[in-house]
Amino acid sequence: MGVIRKAAYHVLAPFNPFIMFVGLVCAGDYVRPPAGRTLYVSLSKDHSKTSPQQVHISLAGDGKMRISWITDESAPSTVKYGKSSGIYEASQTGTSSSYRYIIYKSGQIHDVVIGPLEPSTVYFYKCGLDSSPEHSFRTPPAQLPINFAVSGDLGQTEWTKATLQHIGKIDYDVLLLPGDLAYADFYQPSWDSFGRLVEPLASQRPWMVTQGNHEVERIPIIHKERFSAYNARWHMPFEESGSSSNLFYSFEVAGVHVIMLGSYTDFGPDSSQYKWLESDLKKIDRKRTPWLFALVHAPWYNSNSAHQGEKESTDMRDSMEALLYTARVDIVFAGHVHAYERFTRVYKHKADKCGPVHITIGDGGNREGLASKYKVPQPNISLFREASFGHAHLQVVNASHAQWTWHRNDDAQPDSTWFTSLASDSSCVV
Ligand SMILES: [Fe+2]
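A quick note: this is a predicted structure, and the numbers were derived from the prediction, not measured.

On to the UniProt feature "domain: Purple acid phosphatase N-terminal" (unreviewed entry) in the chain. Taking the numbering used here, the UniProt-annotated feature "domain: Purple acid phosphatase N-terminal" (unreviewed entry) corresponds to residues 52-139. Taken end to end, residues 52-139 is 0% helix and 55% strand, and its first and last C-alpha atoms sit 21 Å apart.

Shown next, in the form of structure tokens:
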């Protein structure tokens, strides 16, 4: 993007009528703090049109890893990889695609699944041409313990950058993101910028994401397809988990089964998502995966003033809460509300020792700012709430215990607690 176009984007983005319209629709009565400064991550001048950019990786079942990247022009969809730097004993070729969004045409989006790979092992890899730079990633462990970083509503501001710097210091294995990634909001080059911003982390560890309202990007009449950019750019392992849609899927890593749900696709009892969730829950073996997490975007429990009463929260909870409760889900992570809140174990609005802990972690750093107003008094099921940008680390130590730590980015003010798995609680037998 040229300097003038880039400057125009910085100036005009907050006044984009689409963005303002969506903001009004989403915000309701809530008045958000002033917007943060949006970063725009450009390519270096010597970056060729066939060089890989926006490299990110994700788990793809059976010890495999999906490698995704974009080139401006056509280039090989091949990944060469190995366990020593510069020595690539294996190679895999995948596919590439592109998508259109009004007048925007994406680059070539490459998608290659490699493996099976050994657990807890560093692999070095090159995407596309031999002249491409080398990247490396570490595979997750085969067994507990495992470390997760958790962050939602990331966006791409200076606050996002701070969050990423903090996350980069955590020795995590997998990142979980409960929706709202780039905050492109119809302006597709922002997706490219976001891909460049997160590449240093997302090319080294699997980033497992679900989608939020900012990924919908449907415009009546003009662009009717929903999630065009998200589905094209962030291919998650839905095929591997028997799902019919990239909008809901699951994966297993070490001793944890993670279910990613879509708050902005059908979730009623007749929906394909609901039926898939029922079938996925039946496949879980708590001896193999004693921990069970679920991620949504719109929180089912929320004592912030923001985003109260939205159907994606209330109707989805009414539809699916019993399924997750009966399956003894340990933790439900959500985003959407730009703050942090941790609840006790809950079912049907009441504390319930066999229900999931609900955690809202929509504090990654997006340009809309913080949701700083809370309902008073604080409900007794809400244990900790704080409207600050922050980052979280979940260390699942063994089959029964996991340590959760959330920090404010600015001053490391923490919320820390231990969780005990429901599978280890004989009074909550699955
Ligand atoms: Fe959201």
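Here the narrative resumes, following the displayed structure.
Okay, the nonpolar core next. Leu176, Met208 and Phe333 are the most contacted members of the largest nonpolar core, which has 101 residues in total. The residue makeup of this core includes at least three contributed by each of domain 1 (53-138) and domain 2 (146-428). Excluding residues within four positions of it along the chain, phenylalanine 333 makes contact with Val150, Leu176, Pro178, Phe293, Leu295, Ile359 and Ile361.

Moving on, we come to the domain arrangement of the chain. Taken as a whole, the chain is organised into domain 1 (53-138) and domain 2 (146-428). Computed from C-alpha coordinates alone, the two centres of domain 1 and domain 2 are separated by 25 Å. Taken together, the contacts link 25 residues of domain 1 with 25 residues of domain 2. Elements that contribute at least two residues to the side of domain 1 that touches domain 2 include exactly β1 (53-59), β2 (65-71), β8 (108-114) and β10 (134-138). No other element matches the seven residues that β1 contributes to the side of domain 1 that touches domain 2.

A separate point is the sheet that holds β8. Pairing is antiparallel across the open sheet formed by four strands, whose spatial order is β1-β2-β8-β5. The open sheet has two edge strands with one neighbour each: β1 and β5 (95-97). In this sheet, adjacent strand axes meet at a mean angle of 20° when their direction is disregarded. Note: β5 against β8, three bridges, orientation antiparallel. Across the sheet, residue serine 97 finds its bridge partner in β8, namely isoleucine 109. Relative to the sheet, helix α4 (residues 189-202) contacts β1 and β2, its axis offset from that of β1 by approximately 55°.

Our focus in this paragraph is the UniProt feature "domain: Calcineurin-like phosphoesterase" (unreviewed entry) in the chain. Here, UniProt's "domain: Calcineurin-like phosphoesterase" (unreviewed entry) annotation points to residues 147-340. Here residues 147-340 is 31% helix and 17% strand, with 20 Å between the C-alpha atoms at its ends.

Between its terminal C-alpha atoms helix α3 (residues 158-169) stretches 17 Å, which fits the 16 Å expected from twelve residues at 1.5 Å a residue. Those residues of α3 that sit buried are Trp159, Thr160, Thr163, Leu164, His166 and Ile167. Along the axis of α3, the buried positions cluster into a sector of 160°, meaning they face one direction only. Residues Gln165 and Lys169 are exposed on α3 and point more than 90 degrees away from its buried face. On the buried face of α3, the contacting elements are β11 (146-150), α4, β22 (390-396) and β23 (401-408).

The alternating pattern of β10 places His135 and Phe137 on a buried face, while none of Glu134, Ser136 and Arg138, on the opposite face, is buried. Strand direction decides the pairing type here: strand β9 (residues 122-127) and β10, joined by five bridges, are antiparallel. Bridging across to β10, phenylalanine 124 finds its partner in serine 136. As consecutive antiparallel partners, β9 and β10 are separated by six residues, and within that stretch glycine 128 has a phi angle of approximately 75°, a positive value.

Conventions we followed
- Residues numbered from 1 in each chain as written.
- Predicted model: local features only at pLDDT ≥ 70, side-chain atom pairs only at ≥ 80, totals over all residues.
- UniProt positions renumbered as here; feature names shortened; annotations may be inferred.
- Helix = DSSP H or I, 4+ residues; strand = E, 2+ residues; numbered from the N terminus.
- Core = buried A, V, L, I, M, F, W, Y, C linked by C-beta atoms within 7 Å.
- Buried ≥ 20, exposed ≤ 12 C-beta atoms within 10 Å, placed from the backbone.
- Domains from an automatic or database assignment.
- Contact = placed C-beta atoms within 7 Å.
- Pairing = 2+ DSSP bridges.
- Axes fitted to C-alpha atoms, helices over the stretch in contact; angles between N-to-C directions.
- Expected span 1.5 Å × (residues − 1).
- Arc of directions from axis to C-beta.

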